[in-house]
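So the chains spell out like this:
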Amino acid sequence: MGITEATIVEQFPYWQRAIGPIATPPKAALTVFAGCGTSYNLALSLSALSNAAGRPAIAVPGDEWLHRPQDHWPDWQHTHVVALSRSGETTETVAAARRSRSVGARVTAITCEKASALARNCDSLVFAATHPREGIVMTSSASLMLLLGLQLLGYVVDPGVVGAATGLLEGLDKQLPGLIAGRSHFVFLGGGPLYGVALEGALKLMEMSQIFTQAFHPLEYRHGPISLVDEQTVAVMLYGDVQPEAEALLAGELQQKGARVIGFGGPGDFSQPVGVTPALAGLAILPALQLLGERAAQARNIDTVAPRHLTKVVTLA
Ligand code: F1P
């Protein structure tokens, strides 16, 4: 087993260590979840979960919050910023946290590095150590930061989520070779808090296997992108709890056009119930999506330890 695969299948003891209540921050007029790459995808998921929990929130890429916060929120100085970064060293995220504090905003950091620049530039630190072998591709750390963010928002993470995630990972893995054989077009579909997770599934697959892929809110897919679907397509549907019937109809339509459908929580060529509350669904599904990226890379003989053009920390001079 390669290093990336090990960090995916061995991530659950780190979850178990991180599960436990976290003091929820004081309510703010707006919470801004900021991060880059994977951490931005997590921010998108957490902002949806925050709104659902009655805490108004948006998600903004680190550089956008650094350079043009007023385009995202007029009263940007009076916000609570939750900055996410595995390394705690990503230039834009650290600079956005510094700038936010300099204008008086409160900053909470979610990171896997407690001695990092981000940890030094926040008002409160939420930390969990990730798998020590994790490399460029964020696997265990992505799940861990999502888990920490959920707890920061006051969601109780039932330890049963570990069994659910393991079941999805193993269930999908058994069928993956047949599902992805000969397929070169992947799309990830998810709504609400599952949109960020869909984007993260797409990002994992892209950086690991170098396959061009996209993610959409499910019903958006019918408005143009569906014209790409054919016998080369795999559609990964992350079924939500709001309108699963409409999502199932879309999945059926994609199958009719030649796609294979991987269905988490609803019908597909692969179909498995998620088995957790809707708020925890993204966390339960994420490791299976990480493994999908790894298996697609293996099928193309690509080593995911050193993805092309990527570094573990992206710093700008
Ligand atoms: C985020 C990130 C990842 C990307 C690569 C480089 O870093 O951009 O999304 O996949 O591994 O780092 P971080 O701010 O979470 O450390």
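Whatever comes next refers back to the structure up there.
Residues numbered from 1 in each chain as written. Predicted model: local features only at pLDDT ≥ 70, side-chain atom pairs only at ≥ 80, totals over all residues. Heavy atoms only, no water.

Enquirer: How should the overall build of the chain be read in this particular structure?
Expert: In terms of regular secondary structure, the chain is built from eleven helices and ten strands. For the chain, the C-alpha radius of gyration of 19 Å lies close to 20 Å, the compact-globule estimate for 317 residues. Counting only C-alpha atoms and orienting by the principal axes, one finds that the chain spans roughly 55 × 40 × 40 Å. Looking at the chain as a whole, 54% of its 317 residues qualify as buried. If you take every contact in the chain between residues at least 6 apart in sequence, the share linking residues at least 24 apart comes to 75%. Working note: accessible area of the chain is about 12700 Å², and carbon and sulfur atoms make up 54% of it. (Helix = DSSP H or I, 4+ residues; strand = E, 2+ residues; numbered from the N terminus. Rg over C-alpha atoms; globule rule 2.2 N^0.38 Å. Buried < 20%, exposed > 50% of the residue type's maximum accessible area, 1.4 Å probe, protein only. Contact = heavy atoms within 4.5 Å. Areas by Shrake-Rupley, 256 points an atom, 1.4 Å probe, with all protein chains shown as cover.)

Enquirer: Help me understand the packing of helix 8 (residues 160-180) against helix 11 (residues 278-299) in this model?
Expert: Think of two packed helices as two axes; the pair is described by the angle between the axes and how far apart they sit. The geometry of helix 8 relative to helix 11 is characterised by a closest axis approach of 8 Å and an angle of 30 degrees between their N-to-C directions. In this structure, helix 8 crosses over helix 11, and the sense of that crossing is right-handed. From helix 8, V161, A164, A165, L168, L169, L172, D173, L176 and I180 reach across to helix 11, where they touch L280, L283, A284, I285, P287, A288, L291, L292, R295 and A296. (Axes fitted to C-alpha atoms, helices over the stretch in contact; angles between N-to-C directions. Left-handed = near helix turned anticlockwise from the far one by under 90°.)

Enquirer: What's the story with the packing of helix 3 (residues 38-52) against helix 7 (residues 140-152) in this structure? I'm lost.
Expert: Where helix 3 contacts helix 7, the axes come no closer than 10 Å and their chain directions differ by 25 degrees. Relative to helix 7, helix 3 is oriented roughly parallel. As for how helix 3 packs across helix 7, the hand of that crossing is right-handed. Along the contact surface, helix 3 presents T38, S39, L42, S45, L46 and L49, while helix 7 presents A142, M145, L146, G149 and L150. For the contact of helix 3 with helix 7, the residue count by class is seven nonpolar, four polar and no charged. (Parallel < 35°, antiparallel > 145°, perpendicular 65-115°, else oblique. Nonpolar A, V, L, I, M, F, W, Y, C, P; charged D, E, K, R; others polar.)

Enquirer: What exactly am I supposed to notice about unusual backbone geometry here?
Expert: Backbone phi values are negative for most residues with the exception of glycine, while trans is the configuration of most peptide bonds. Non-glycine residue N301 carries a positive phi angle of around 55 degrees. In this fold, N301 is placed in the segment after helix 11. Within the chain, H309 stands out as a residue other than glycine whose phi angle is a positive 65 degrees.

Enquirer: Explain the side chain of S100 here, please?
Expert: As for its placement among the helices and strands, S100 is situated in helix 5 (residues 91-102). Given a relative accessible area of 3%, S100 falls into the buried group. Looking at S100, its side chain comes within polar contact range of the main-chain oxygen of A96, at 2.7 Å. Contacts of S100, omitting those with residues within four sequence positions, involve W65, V81, A105 and V107. (Polar contact = N/O pair within 3.5 Å; in protein donor to acceptor, adjacent residues only side chain to side chain.)

Enquirer: Can you walk me through helix 9 (residues 193-209) in this structure?
Expert: Residues that lie three or four places apart on an α-helix share one face, since the helix turns once every 3.6 residues. Over its 17 residues, helix 9 runs 25 Å from end to end, which matches the ideal 24 Å to within 8%, given 1.5 Å per residue. Burial analysis of helix 9 places 13 of its 17 residues in the buried class, which makes it a mostly covered element. Looking at the residues trailing helix 9, positive phi occurs at Q210, about 60 degrees. (Expected span 1.5 Å × (residues − 1).)

Enquirer: Sorry, what's going on with the sheet that holds strand 7 (residues 213-216) here?
Expert: Strands belonging to one sheet form pairs held by backbone hydrogen bonds; the direction of such a pair is parallel or antiparallel. With respect to topology, five strands assemble into an open sheet ordered 7-6-8-9-10, the strand pairing being parallel. Pairing within the sheet leaves two strands with one partner each, and these edge strands are strand 7 and strand 10 (270-272). On average, each strand axis in the sheet is tilted by 15 degrees relative to the strand beside it, whichever way the strands run. Where strand 6 (residues 185-190) meets strand 8 (residues 233-238), six bridges bridge the pair, whose relative direction is parallel. Paired with H185 across the bridge in strand 8 is T233. (Pairing = 2+ DSSP bridges.)

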